[in-house]
Amino acid sequence: MLGTDVRACWGYRHEMQLTKHHQVISAAEGARLEVSMQQSPTGFTWSVSNESDFSVEVRSISAVYLLTQVEGELAMFRHGYQSWSQSNVAKPGEDVDPSTVSSVEMVTMTQHADQRRTRDAQLRSEMVTVISDSHESVLIGFLGGHLHDGTIRVDQVGTDFEVAIEAFLGSAELAPRETRTLHEVVIRSVGDPAGGLDSWASQIGECSNARTEAEFQVGWCSWYHYFDQVTESDLLKNLELAADWPFDVVQLDDGFQSEIGDWLVTNEKFPSGLKGIADSISSAGFRPGLWIAPFGVSLNSRLAHDHPDWIAKDFSGEPLIGMFGPHWGGFVHTLDVTNPEVLEHLESLARELVRLGFTYLKLDFTYSPGFDGIWADRSLTPAQRVRAGYDAIRRGAGEDTFILGCGAPLGACIGVVDGMRIGSDVAPFWAPKPELWPYVGYEQTIPSTKNAWRNTLTRAHQHRSLWLNDPDCVMLRTSDTELTAEQVRAWALAVGASGGMVLVSDDLALLDEESRLLLREVIELGQRSDAASRSGPAPVCTDLMQEFTPRHLEFAGLRLVGDPELGSARIEAADR
């Protein structure tokens, strides 16, 4: 890597180039920014200072390297921004960034730190990447994510490649004379890309005080059989059947709330209220769990009616859209997590849920504070906004509550969540169905078991280094599903091999003895893999840089071997 320079981009309008490392940069008339870098053999530390007499919005700061003397074909591990974002190998000149072909702006907004479209030929990876040619591999990774997001962009320049290592501040406002420390960046050659990712995950986890000590999780969740139509009687029926199943937690998912935002008020399907629900679960011998989307708010909610000023705005001054769901009545908006009153509300909400008995909280659709918009505190980066919301919930929930992130920007959540969804939703079918979710460019992120398989393998290195990985639920039923018995088994084996959380999401009345035996096998595999991750490396995806959808995962002396096109898999000894 030769010829480094530094670039900064302010707002949407100004882009200036800084050669060497200590030049003063002008963003607008009279504005002066300075980037300071201290390089080492393994990367660099850096900071940005506003030397102006007035506040300046900073979109991003990039250290740009020229990658030369590439031998053969270049491949890039393209790591996704949030839980559902695809993570897999991509090749410059062949693959494109999904934003360049996206037909739905809001989908693009959810999938990248910088929600704007890239240049046509540019590829980007969030937080970490591995770049390989036929001779060697180089890992580039940020050692934190709570101060700002980190993006690595690759552009081809003739026969060479330009690699921009970007601290994304998202138009955060720097006060006069303010200096901000940016996350340290590591750059190192790695003989084994998957092993390099494992080492990076251990390092960023240590730097970020990752929460990795929770017990191996086994449980039941209502979503993938009942979806939003779940009722209290459905829950109680499964609680009765769950008595002889090996579950620790029973989690009620979306469908109980009166409105998005009014989480403490149940709808008519749950007449006992949250306290009654939690009591029923705990009385049956399980830990009560609850799904919420804490940063979302429906305009029909009591919360929005009482506190319209708590809602973030888009640039036209309208409530900022953060989510969409037909069963929610359409668009859902975003709480302004930079407003101290909103943070007090989130802390109080979490405290009350725990008081009611829910000591396992799944926080979903939590990417929306990262959106561009008008926020009360303009000094916060998108990552800081996401983290502020999570920190408020952690304060209210306490240290003993298990918090599971979902639809979450990964970097911002290290150190505050105990578990993290690391792939797309599973579904009662194998391959994605774009006709159900016509998200051009993002077909690899839509619900499907094949998409979940991919990220379970490509993000396996994060387990027990950043959190407990949540691959999503196993799908055991053989009725009310399009999955074949072979596909049911393939996905179950992948979940077990990963060492991650094991949750069932079927109507237990539909499951037979074979389902019980398969779950037992998954739990045994999972506990073996998880134990190995506690004492050594996480599971290793050995074909990470060769296959768009990998086939192999090595763990605890065993190997998962699959055919993700057909949906089949087996477990064999790793030394075969």
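Moving on to the pattern of salt bridges. The full count for this structure, using the stated rule, is 40 salt bridges. R153 is the salt-bridge partner of E166, the closest N and O atoms lying 3.0 Å from each other. Of the two residues, E166 is situated in strand β13 (residues 160-174) and R153 in strand β12 (residues 149-157); the sequence distance between them amounts to 13 residues. Taking relative accessible area as the criterion, E166 reaches 6% and is therefore assigned buried. A relative accessible area of 10% places R153 in the buried class.

This part takes up the domain arrangement of the chain. Often the size quoted for an interface is simply the accessible area lost on bringing the parts together. Here the chain is described as being made up of domain 1 (17-203) and domain 2 (216-295 + 337-571). Domain 1 puts 51 residues into the contact, and the matching count from domain 2 is 52 residues. Taken together, the two surfaces of domain 1 and domain 2 that pack against each other cover about 4,200 Å², and 58% of this comes from carbon and sulfur. Linking domain 1 with domain 2 are three salt bridges, by the criterion used here. With its nearest N and O atoms 3.7 Å apart, the salt bridge here joins R378 to E173. Here domain 1 is connected to domain 2 by 25 residue pairs in polar contact (both at pLDDT 80 or more). Among the secondary structure elements, those contributing two or more residues to the side of domain 1 that touches domain 2 are β6 (56-67), β7 (75-78), β8 (88-90), α1 (105-111), β10 (128-132), β13 and α2 (193-207). Among the elements that take part in the side of domain 1 that touches domain 2, α2 stands out by supplying seven residues, more than any other.

A separate point is the nonpolar core. Core analysis: the largest hydrophobic core is formed by 135 residues, its most contacted members being F247 and Y390. Beyond its immediate stretch of four places on either side in the chain, Y390 contacts F295, L363, T366, I403, G405, C406, A408, C413, V416 and V417. In terms of nonpolar packing, the next biggest core, distinct from the first, is built from 33 residues, W46, V58, A63 and F161 among them.

Moving on: the packing of helix α10 (residues 449-458) against helix α11 (residues 485-498). Contact pair α10 / α11: the axes reach a minimum separation of 10 Å and the direction vectors enclose 20°. Our classification of the angle between α10 and α11 gives roughly parallel. Taken as a pair, α10 and α11 cross one another with a handedness that is left-handed. Residue-level inspection shows T449, A452, W453 and T456 of α10 in contact with α11, the latter providing A490, W491, A494 and S498. Grouping the amino acids of the contact of α10 with α11 by side-chain chemistry returns five nonpolar, three polar and no charged.

The volume enclosed by the largest pocket comes to roughly 1,100 Å³. Forming the boundary of the largest pocket are 46 residues, of which F324, F365, D425, W437 and P447 lie nearest the centre. Within the residue set of the lining of the largest pocket, elements represented by two or more residues are α1, α3 (223-226), β19 (321-325) and β21 (360-363). In terms of residues, the lining of the largest pocket owes the most to one element, α1, which gives four residues. The class makeup of the residues in the lining of the largest pocket is 29 nonpolar, eight polar and nine charged.

Attention now moves to helix α5 (residues 273-283). For α5, the complete set of buried residues consists of G273, L274, G276, I277, A278 and I281. Summarising the contacts, the buried residues of α5 are in contact with α4 (232-241), β16 (249-252), β17 (287-292) and α7 (340-356).

Cut-offs and rules
- Residues numbered from 1 in each chain as written.
- Predicted model: local features only at pLDDT ≥ 70, side-chain atom pairs only at ≥ 80, totals over all residues.
- Heavy atoms only, no water.
- Salt bridge = Lys/Arg side-chain N within 4 Å of Asp/Glu carboxyl O.
- Helix = DSSP H or I, 4+ residues; strand = E, 2+ residues; numbered from the N terminus.
- Buried < 20%, exposed > 50% of the residue type's maximum accessible area, 1.4 Å probe, protein only.
- Domains from an automatic or database assignment.
- Contact = heavy atoms within 4.5 Å.
- Buried area = accessible area lost by both parts, 1.4 Å probe.
- Polar contact = N/O pair within 3.5 Å; in protein donor to acceptor, adjacent residues only side chain to side chain.
- Core = buried A, V, L, I, M, F, W, Y, C linked by side-chain atoms within 4.5 Å.
- Axes fitted to C-alpha atoms, helices over the stretch in contact; angles between N-to-C directions.
- Parallel < 35°, antiparallel > 145°, perpendicular 65-115°, else oblique.
- Left-handed = near helix turned anticlockwise from the far one by under 90°.
- Nonpolar A, V, L, I, M, F, W, Y, C, P; charged D, E, K, R; others polar.
- 1 Å grid on protein atoms, 1.4 Å probe; cavity = no way out; pocket = protein on both sides within 12 Å on 5 of 7 lines; lining within 4 Å.
- Points joined across faces, edges and corners; volume = space filled by probe spheres on them.

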